[in-house]
Amino acid sequence: MEFVGLCVVLVAFLVALCLLLFLILIFSWWVFPNQKLKMLKKYGLGGPTPSFPLGNIEEMKRKSSIQSSVVSSNLAHDIHSYVFPYFSSWQKSHGKVFVYWLGTEPFLYIAEPEFLKKMSTVVMAKKWGKPSVFRNDRDPMFGSGLVMVEGNDWVRHRHIVAPAFNPINLKAMANMMVESTNQMIDRWVTQITSFNPEIDVEREIIATAGEIIARTSFGMKDDNARDVFDKLRALQMTLFKTNRYVGVPFGKYFNVKKTLEAKKLGKEIDELLLSIIEARKNSPTKKCQQDLLGLLLQNNEVDGRLGKTLTSQEVVDECKTFFFGGHETTALAITWTLLLLAIHQDWQNQLRDEIRDVVGGEKLDITLLSGLKKMKCVMNEVLRLYPPAPNVQRQAREDIKVDDITVPNGTNMWIDVVAMHHDPELWGQDANEFRPERFMDDVNGGCKHKMGYLPFGFGGRMCVGRNLTFMEYKIVLTLLLSRFTFKVSPGYKHSPSIMLSLRPSHGLPLVVQPL
Ligand code: HEM
């Protein structure tokens, strides 16, 4: 009798527990998001109607799949409606600031620089959050690296990481960049001399930039480092192939196999990097190695006295962040540049002339690279038309007041960089044309608003690695243009798409000929 009574109590307890869990889920997935939606509407923010539990994801997928079946035949640069068909269509009905939903997460869409300026004048860098849904989704890539940390942790990370990227430190890495690029050039020469001048430039440049970032981040001399490099690339492919439902409840379990694979790779990478770090810490000569890891360890030691250090796991996460944040973005800047120079032969010739005048035909002296003014204009224009980082993300950590709108604490923000970079209201009627000269006398390219050009983000959280990109861009392009000419292959299909970064979805085959 006593036993039966106990069973009844146990069953009643379990039923109550399930009910409680059910209520928690319903509240967090449905009631609270709906309250937020009502509040955002009250503050005057419109947007497409979401449905439970996918939000607007279905519509986004539908619009993308219609668009991706179309391949632009005319190499046009007006890519916004092509890469973000849903934003482009919602902009027409809801303007440049509205709310859309990824699963049960509201996102404030912003393509209005004045709105952004007003927000960033009241929110300091360390007060900005990064959307928790993305932090969880990208945890194997970035962990608690600089891209993802917030508040005082961000101040501490930035304080140690930023000095590693100063131009004097970067100069010491130039040789690694030259070596990796020359190895790629040798491969191309072998391929071309065997009568195959068509090269998938995107694949080649991404592989070389990956090698460069691994060498400049943690060196590639020992076997462990090579192993890390291979596993980082495998992790990237795994995450890349996963069809992720960010913001949807239990979204990461839709692809259990890939999620587990990514987790396993992430753990193996962490262990290998930790062993590299420990070996460096125990070897006074290796610690002074002039790569980013060496510089972080040195900065850590100096700042250790002030109690502002990074833990070994945080240093690991920074190395992974450099790899994932730094190599594909830089590679794509170079890749899109080669496409644009292949289309615009006049600019290709102008850059070659400039290289001859400024750098000469001798061994590359990197102190001369700053004289490549036209190349800088070309880079700026490429980053405008084809920004490798097509959006910037934030999350409000307090209510933010912009005029009579209040953006409530917790709201995610998606800043559409592609939209702003192609907006005729900001750039004029030639917004979709390749005109590097617009940057000749104006660092903002003649944009009508200072916050309309954001290839590296904005405010205190602006990209910490941009100096490394500038140097790598100039070195790789100088070496390539001094050896080859580039033409668009008849097999190239112009189909830019968003795969985390803005990439040519069918690669970039170019016809490459030695000079
Ligand atoms: C063309 C090349 C690159 C582009 C387009 C790019 C773009 C960006 C963007 C848009 C952000 C976000 C800024 C914001 O939230 O306001 C960012 C942040 C960051 N980038 Fe880059 N990046 C590039 C190269 C690099 C390189 C080479 C590295 C390192 C090796 C790097 C490391 C980082 C880090 C660590 C952050 C986080 C900064 C912070 O939150 O304090 N990036 N980058």
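Residues numbered from 1 in each chain as written. Predicted model: local features only at pLDDT ≥ 70, side-chain atom pairs only at ≥ 80, totals over all residues.

Engineer: Explain the site of the ligand to me, please; I cannot follow it from the model alone.
Structural biologist: Neighbouring residues of the ligand: 25 residues in total, closest Gly326, Thr329, Gly457, Cys463 and Gly465. For the shell around the ligand, the elements supplying multiple residues, two or more each, are helix H16 (312-343) and helix H21 (466-483). Ranked by the residues each element gives to the shell around the ligand, the list is headed by H16, at seven residues. A breakdown of the residues in the shell around the ligand according to their chemical character gives 15 nonpolar, eight polar and two charged. (Near = placed C-beta within 6 Å. Helix = DSSP H or I, 4+ residues; strand = E, 2+ residues; numbered from the N terminus. Nonpolar A, V, L, I, M, F, W, Y, C, P; charged D, E, K, R; others polar.)

Engineer: Is there a simple way to explain the UniProt feature "binding site: heme" (unreviewed entry) in the protein chain in this structure?
Structural biologist: When the UniProt feature table is mapped onto this chain numbering, "binding site: heme" (unreviewed entry) sits at Cys463. For cysteine 463, a count of 21 C-beta atoms within 10 Å translates into the label buried. Every residue in contact with cysteine 463, bar those within four places of it in the chain, is listed here: Phe456 and Gly457. (UniProt positions renumbered as here; feature names shortened; annotations may be inferred. Buried ≥ 20, exposed ≤ 12 C-beta atoms within 10 Å, placed from the backbone. Contact = placed C-beta atoms within 7 Å.)

Engineer: Looking at this structure, I do not really get the confidence of the model for the protein chain. What am I missing?
Structural biologist: Caution applies to low-pLDDT regions: their predicted coordinates should not be interpreted in detail. Per-residue confidence for the protein chain averages 89 on the pLDDT scale, and 94% of its residues sit at or above 70. Across the interfaces of the predicted complex, the ipTM metric reaches 0.99, alongside a pTM of 0.92. (pLDDT = per-residue confidence, 0-100.)

Engineer: How do you make sense of the sheet that holds strand E1 (residues 97-102) when you look at a structure like this?
Structural biologist: Note: strands within a sheet are paired through backbone hydrogen bonds, in either parallel or antiparallel orientation. In space, the four strands of this open sheet follow the order E1-E2-E7-E4, with mixed pairing throughout. With partners counted over all chains shown, the strands left at the sheet margins are E1 and strand E4 (391-395), one partner each. Neighbouring strand axes in the sheet, compared pairwise and without regard to direction, differ in orientation by 30 degrees on average. Of the strand pairs in this sheet, E4 and strand E7 (residues 412-416) are connected by five bridges, and their pairing is antiparallel. Note that in E7 the partner of glutamine 393 across the bridge is tryptophan 414. (Pairing = 2+ DSSP bridges. Axes fitted to C-alpha atoms, helices over the stretch in contact; angles between N-to-C directions.)

Engineer: Explanation requested: helix H11 (residues 201-218) in the structure shown.
Structural biologist: Each α-helix turn comprises 3.6 residues. Residues three or four places apart therefore point the same way. The first and last C-alpha atoms of H11 sit 26 Å apart over 18 residues, in line with the 26 Å expected at 1.5 Å per residue. Of all the 18 residues making up H11, 16 are buried; the element is thus mostly covered by neighbouring parts of the structure. Just past H11, the residue glycine 219 takes up positive phi, approximately 75 degrees. (Expected span 1.5 Å × (residues − 1).)

Engineer: What is the right way to read H16 from this model?
Structural biologist: In this model H16 runs 47 Å from its N-terminal to its C-terminal C-alpha over 32 residues, within 8% of the 46 Å that 1.5 Å per residue would give. Most of H16 is tucked away: 29 of the 32 residues are buried.

Engineer: Please explain the pairing of E7 as it appears in this structure.
Structural biologist: The two faces of a sheet get side chains in turn, since along a regular strand they alternate between them. Within E7, four of the five residues are buried, leaving the element largely enclosed by the surrounding structure. Relative to E7, strand E2 (residues 105-110) is paired through four bridges, and the arrangement is parallel. Among the inter-strand pairings, phenylalanine 107 is bridged to a residue of E7, identified as asparagine 412.

Engineer: Is there a simple way to think about the packing of helix H13 (residues 256-281) against H16 in this case?
Structural biologist: A packed helix pair is summarised by two numbers, namely the angle formed by the two axes and the spacing between the axes. With their axes 9 Å apart at the nearest point, H13 and H16 run at an angle of 110 degrees to one another. Looking at the two axes, H13 sits roughly perpendicular to H16. Of the two possible hands of crossing, H13 and H16 adopt the one that is right-handed. Here Ile269, Asp270, Leu273, Leu274 and Ile277 of H13 come into contact with H16, specifically with Ser312, Val315, Val316, Cys319 and Lys320. Among the residues making up the contact of H13 with H16, the classes are represented as seven nonpolar, one polar and two charged. (Parallel < 35°, antiparallel > 145°, perpendicular 65-115°, else oblique. Left-handed = near helix turned anticlockwise from the far one by under 90°.)

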